[in-house]
Amino acid sequence: MKVIQARRERQDKISKLMGDYLLKGYKMLGECCDVCGTILLQDKQKKNYCVSCQELDSDVDKDNPALNAQAALSQVRERQLAAQSTAPSQAPEMNEGPSSSQASVSVPLPRPEHCEGAAAGGRALLPPPAVPSPSPPAPTPTLAPTRPPVIPQTAGLQPVLQEAEEAILTKLRWATNQLQSSASLESSIQLCSLIASCANSLRSLKELSQ
Amino acid sequence: MLPMEHLHLEHVLQTVCVLESVVLRSFGPEGGQVLFTRDTGQAMLSRSGTRILTALRLEHPLARMVVECVLKHSTVTGDGSKTFILLLASLLRMIQKTACKEPNVSHTYNSRETAEASTARHLADKMLAFALEELDDIIAMGVVPYGCCLSWEDFTAKTQLPTCPINHCVQKLLASFFHSRLGRTHCDFISNLTCEMLTHWKFKSDLPSSLLQFVNDNFSALHTPVSGFPISCSRLIEGQVIHRDFATPCPQADHQPVKAVVVTGCLQPKLLSAGEVLVLGSGEQGREENSRKESSIVQFTAWAERSLECVIAKLQSLGVSVLLSAVKQSAAVLALAAQADMCIVECVSEDELSLFAQLSGATPVSDCWMIEPEHVAALTFCRPILLGAHRYVHVAFHDSEERITVKPCSLVICGPGEGQTDQYACAFQDAIRMLLSTWEPIDITATTASKKTLQPNKSTCLHVDNQIVKASPFQQCVLEPGCVIPAGGTFEFLLNHALLQHGSSCSISDDTIMGAPAVSQLFANALLSVPRNIYFYSLRRFLQTQTRLLSFIQNHSHPFSHVYKQEHNTIVVQGRGKSECPLEEGKLINHCCGETDVSSQVFMSDSGLESVSCKYQLLVAVLQCVSSLLHVDTVLHTHTALHTPSRRLADISWEGTEDEAED
């Protein structure tokens, strides 16, 4: 139904464009375009012109991933969804904990604006958050950070690091408490991964302060 | 083998949709105008559908065919070319939708496309048959009761009877026509001018259609376009204007009446034409032959001149002082006539001469040897007139007995530029054509007449209630001449409602897509595209108008029931929600002007009026065009032009863009 609707709208658009050209002085020929079957127009310089091929986006090309970023993206998403439901997920590399399949759906879906650049450049660009977010399915970074860690002056660094450490330890404690009282497998797995990432962050903080 | 192209339904639809998108934006009273420019820099604004369509450069054969249909329709009714294209497009869309849904599977076809094409063709034929047989009944029953009949007597609001509502007059009909054609500024002035002109030309005893036919046929001789003045300078002048100047100086003739003679040939006998051999009288003289021959030629020319002098003398004896000639006269004739105090007008066009002959009662002279008194016309005056940049001959006729009430008058149409003046003149003529098709009595063909008298109760199409007066329900359900209805989509809404009712009341056994209910439903849905496009700027207006009309129909399902009771004291049919009251002949409708109640007056006092019979003819023409379009199967491309229709269109002044080379 949507296809019929889309086709009708496209035909309406074609008719409107052709009407505009006719009013501008183009000539309507008796031939049709070989590619799409639309009636050809001829301008005053005797050049033939097909409205749908040269102006509107093609009906068919928009589904070709080689020509369209959106199509490529939808193809990637489809593949990811298919892969996640069967194989273990491409979890973050710091996840040495129990194999978390559906839990850490922390594979962030690539966003289109990033992927446009990805199609051009080829690098994924999700910067890692400095502090892991408090929500249980922690969207921890999986891919390599682009930003090289900036090393501010040592004087200003210490209080910041201390604050970070405290926050992480608080979270660690909370997660441990939760883990002891948790009854479901899913939440336990998630809490374990949270603890693991907290530990990792603490390690990085210690490295920074040295 | 000539290259062939098979046509599919989509091609046809696409062609028509493109034409629709071209005219769509100028459609309706709120529509815009199209600016035409030429390479020379001249520009013109126009809203006329025929002008827009003929200015497009179209080489596609289907598109040309459609434009030709539109032009032909427009020469008959004078209006409705954009509506034609709109209805055509929406009908084709509905047919395509229906055909794609269920192609007729009872036959075997090569492909789905041919199945669809054949279904579409059958649908179109069915609709055309339906329109030719039943549409006028449906219109007479479902639409005409809500309109009214204009009587030919009341032209302007001033001559209205006090009982008649002020809106119902010919002037109002013309005003709404000119409003949509020329814009709102001058429509009242121009419609007043047209009414004045028609009043002057009215023959008391004649039908309006003969008068309008006369004006339409002679319109080119009855109007003078003058460019360079504002349109408010347009006026009527008495008599006739002959669009030529005097060839010899016009003497100041004070005595009345001025006598004139129309001459169709050359007064002076032609000496020698190409290809002729003049054999002069041979004498028995031998050696003097040469000199004799020379003198023979001289004698011949002398004889020719003497005969010319005789003709002029004869004319003088009859008192003739003006000669209107269809051809160019020779210098000798001009000289002799000037000597004899006669003025000559040369190269007058045939239309003008025939009009002159009709108005003056004098027959044109065919043989200049026999000039009788019956060839002499009596004029009140014959003098030059300066209109714009040209000098013309202005004549006025003596009142004769048979046309005592007719004051012949001629229209001077002014406009700022040549193109605009031409547009105004075309608008005038189209208005006359529109009036002509409104008042033309719809001739009932033999089949429909027999159907009406033999089958008073067509049980397939209407409920046969035993209360219905069976005697003559259908005998006089015809479209009365002069029927009008408020403009603004009213006709389409009412007809839509009537068609849906007709479809639902038809026999339910015929349930296929080719059945009568489906056909009328398809037609009804296609009709709604017209008011939808009139109100394109506001969907709310469209819905409001529709609901208002439908509620009016529900409340007043017997618009003339009380009139019927008062006038004829008979039992009224109590159909539920159906306007089925059998209409008596004409009388009822003519009473409607005075007897309708207040609410229907409110209903009528909308913007403008339009003619019902024009709309009916438009619908039939559109259906015929649809049917012929869908019957086209294949296009053969020939290398030489079979005929050159574009040359024919070159008469229109703005056709300069269409100078494509025929390959």
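Residues numbered from 1 in each chain as written. Chains lettered and ligands numbered in written order. Predicted model: local features only at pLDDT ≥ 70, side-chain atom pairs only at ≥ 80, totals over all residues. Heavy atoms only, no water.

An unreviewed UniProt entry lists chain B under the name Bardet-Biedl syndrome 10, from Perca fluviatilis.

**Things to note about the side chain of Ser 52 of chain A**
Residue and element names in this part refer to chain A. Quick note on the threshold: Secondary structure is summarised from DSSP: a helix means a run of H or I of at least four residues, a strand means a run of E of at least two, and numbering begins at the N terminus for each. For the purposes of these results, a polar contact is taken to be a pair of N or O atoms within 3.5 Å, where, inside protein, one atom must be able to donate a hydrogen and its partner to accept one; residues adjacent in sequence count only when each atom of the pair is a side-chain atom. Note on contacts: a residue pair is in contact if any heavy atoms of the two residues lie within 4.5 Å.
Mapped onto the fold, Ser 52 is located in helix H2 (residues 51–54). Side-chain polar atoms of Ser 52 contact the side chain of Thr 38, separated by 2.9 Å. Contacts of Ser 52, omitting those with residues within four sequence positions, involve Arg 10, Ile 14, Cys 36 and Thr 38.

**As for the sheet that holds strand E14 (residues 409–415) of chain B**
Residue and element names in this part refer to chain B. Selection rule: Strands were regarded as paired on the criterion that DSSP finds at least two bridges between them. Axes here mean lines fitted to C-alpha atoms, for a helix over just the part in contact, with angles spanning 0 to 180 degrees between N-to-C directions.
Across the sheet, 3 strands lie side by side as E6-E14-E7; this open sheet has mixed pairing. Edge positions in the sheet fall to strand E6 (223–227) and strand E7 (235–238), since each of these pairs with one other strand and no more. Within this sheet the neighbouring strands show an average axis-to-axis angle of 25°, counted without direction. Strand direction decides the pairing type here: E6 and E14, joined by 5 bridges, are parallel. By the bridge assignment for E14, Ser 227 is matched with Gly 415. Together, E7 and E14 form the strand contacts of helix H7 (residues 187–200), whose direction differs from that of E7 by roughly 20°.

**Side note on the interface of chain B and chain A**
Inclusion rule: Defined here as a combined quantity, buried area equals the accessible surface (1.4 Å probe) lost by two parts on assembly, summed across both. The salt bridge definition used is simple: a Lys or Arg side-chain nitrogen within 4 Å of an Asp or Glu carboxyl oxygen.
With 21 residues of chain B at the contact, the number on the chain A side is 21 residues. When residues of chain B are sorted by the area they lose upon contact with chain A, Gln 14, Val 18 and Arg 57 of chain B head the list and together hold 35% of the total. One can count 2 salt bridges joining chain B with chain A. Viewed at the interface, chain A and chain B are joined by 9 residue pairs in polar contact (both at pLDDT 80 or more). Residue assignment for the side of chain B that touches chain A shows that the elements contributing at least two residues are helix H1 (9–24), strand E4 (57–58) and helix H3 (61–77) of chain B.

**A look at the sheet that holds E4 of chain B**
Within a sheet, neighbouring strands are paired by backbone hydrogen bonds and run either parallel or antiparallel to one another. Pairing within the open sheet is mixed, and its 4 strands lie in the order E3(A)-E2(A)-E1(A)-E4(B). Edge strands, defined here as strands with exactly one partner in the open sheet, are strand E3 (48–49) of chain A together with E4 of chain B. Inspection of the sheet shows strand E2 (residues 39–42) of chain A paired to E3 of chain A by 2 bridges, in the antiparallel sense. Residue pairing for E3 of chain A: Gln 42 of chain A is matched across the bridge by Asn 48 of chain A. Across the face of the sheet, helix H1 (residues 2–24) of chain A comes into contact with strand E1 (27–32), E2 and E3 of chain A together with E4 of chain B while running at roughly 25° to E2 of chain A.

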